[in-house]
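Next come the chains, spelled out residue by residue.
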Amino acid sequence: MTKISRFTERCVSIAQSVTGERGESATAWGGGFADYALVSLHCLRIYLDTSYRMTIDLLKEMPQITGEIGLDAADLPAPSTLCKAFDRIEMSVCRVLLRQSAQLHDLSEHAAIDATFYERDRASRHYCHRTNYRGQTLKVTKLVDTATQAVFDLHCSTTLEGSDAGLCEQIARRNAGDLRSLAADKSYDKQQLRERLRELDIRPLIKHRIFAPYDHAHNARIDEDRYAQRSLTETVNSAVKRSLGYAVRARTWYREFREIALMCVVYNINRAIKQ
């Protein structure tokens, strides 16, 4: 079995589990498609790093891969149909897909958090002028398991508003039952955040910025081995960008958020099949 075939098999299984369509046909009466089939096709588009049209053209030459989804080459949707279907995939569904893909790994309950930036400048100048689109960066904060380097939650923003500590608390609350410790760099240094994490039974591994002698004492109490694994978030960010791209193809912010989430899903599945 080839690598892309193993990827498709895992992707379809996760998509069916999330959408509740396990065992159902990929095509429906009236020419529609099951949600799991559309999700799988979008994950393959990101995996192949191609446009909608090129993805469909390539899959027409891959009967084994389309068969894994439950489709024939003649049943594949038109590129425009696949594009419009992306609008119907809610961000909440993408988050569940991300969590399910992370559970392909043996998560350790020890995580690290960090932010990175993706480019939004792939639109042509004509498109930017016609739609008043402003190319800029997209800030993405990822929660990474330090043992397996799997991404199991994220937060996306088109602006730099809000503190890193506030975002960290929001993400930690969503995953409170699955975390025992959380490592972050000094940009997350805020006493209120440490207190909130302790209330959630999460041990904060965040170095204090040095303003007074007792800050050295606070830092000396931190588990250095656990804290050193914080740098794995940078490794994960680099791996995702090198394998799947440093920029998003989507043109609207909500599509960009979903694309980033699916990129992390693809990364998790791809890492799982390599292991």
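It should be noted that the structure appears before, not after, this text.
These remarks concern the structure in this document. (Residues numbered from 1 in each chain as written. Predicted model: local features only at pLDDT ≥ 70, side-chain atom pairs only at ≥ 80, totals over all residues. Heavy atoms only, no water.)

### Focus on the side chain of D189
- On the secondary structure map, D189 appears in the loop between β4 (181-184) and α9 (191-199).
- A polar side-chain atom of D189 sits 2.7 Å from a polar atom in the side chain of R194. (Helix = DSSP H or I, 4+ residues; strand = E, 2+ residues; numbered from the N terminus. Polar contact = N/O pair within 3.5 Å; in protein donor to acceptor, adjacent residues only side chain to side chain.)

### Some words on the pattern of salt bridges
- Summed over the entire model, instances satisfying the criterion amount to 12 salt bridges.
- Between D178 and R99 there is a salt bridge; the shortest N-O distance is 2.8 Å. With D178 in the loop between α8 (164-174) and β4 and R99 in helix α6 (residues 91-102), this residue pair connects regions lying 79 residues apart in the sequence.
- Residue class for D178 comes out partly exposed when judged on its relative accessible area of 37%.
- Residue E109 is joined to R180 by a salt bridge in which the shortest nitrogen-to-oxygen separation is 3.9 Å. Of this pair, E109 sits in the loop between α6 and β1 (110-119) while R180 is found in the loop between α8 and β4, placing the two residues 71 residues apart along the sequence.
- Classification of E109 by relative accessible area gives partly exposed; the value is 33%.
- If you follow the salt bridges from partner to partner, you end up with E169, R173, R196 and E199 in one network. (Salt bridge = Lys/Arg side-chain N within 4 Å of Asp/Glu carboxyl O. Buried < 20%, exposed > 50% of the residue type's maximum accessible area, 1.4 Å probe, protein only.)

### Points about α6
- Compared with an ideal rise of 1.5 Å per residue, which puts 12 residues at 16 Å, α6 spans 16 Å between its outermost C-alpha atoms and is within 8% of the ideal.
- Of all the positions in α6, only M91, C94, L97, L98, R99, S101 and A102 are classed as buried.
- Considering only its buried residues, α6 is in contact with α1 (3-19), α2 (35-48), β3 (151-157) and α13 (253-274). (Expected span 1.5 Å × (residues − 1). Contact = heavy atoms within 4.5 Å.)

### Examining the layout of surface pockets
- Reported here for the second largest pocket is a volume of approximately 220 Å³.
- If you go around the second largest pocket, you meet 12 residues; those closest to its centre are Y52, R249, A250, R251 and R255.
- For the lining of the second largest pocket, the residue count by class is 4 nonpolar, 2 polar and 6 charged. (1 Å grid on protein atoms, 1.4 Å probe; cavity = no way out; pocket = protein on both sides within 12 Å on 5 of 7 lines; lining within 4 Å. Points joined across faces, edges and corners; volume = space filled by probe spheres on them. Nonpolar A, V, L, I, M, F, W, Y, C, P; charged D, E, K, R; others polar.)

### A word on the environment of R198
- One can find R198 in helix α9.
- Classification of R198 by relative accessible area gives partly exposed; the value is 47%.
- C-alpha of R198 to C-alpha of R180: the two residues are 18 residues apart in sequence and 9.8 Å apart in space.
- With near-sequence residues (within four places) excluded, R198 lies in contact with Q191 and P204.

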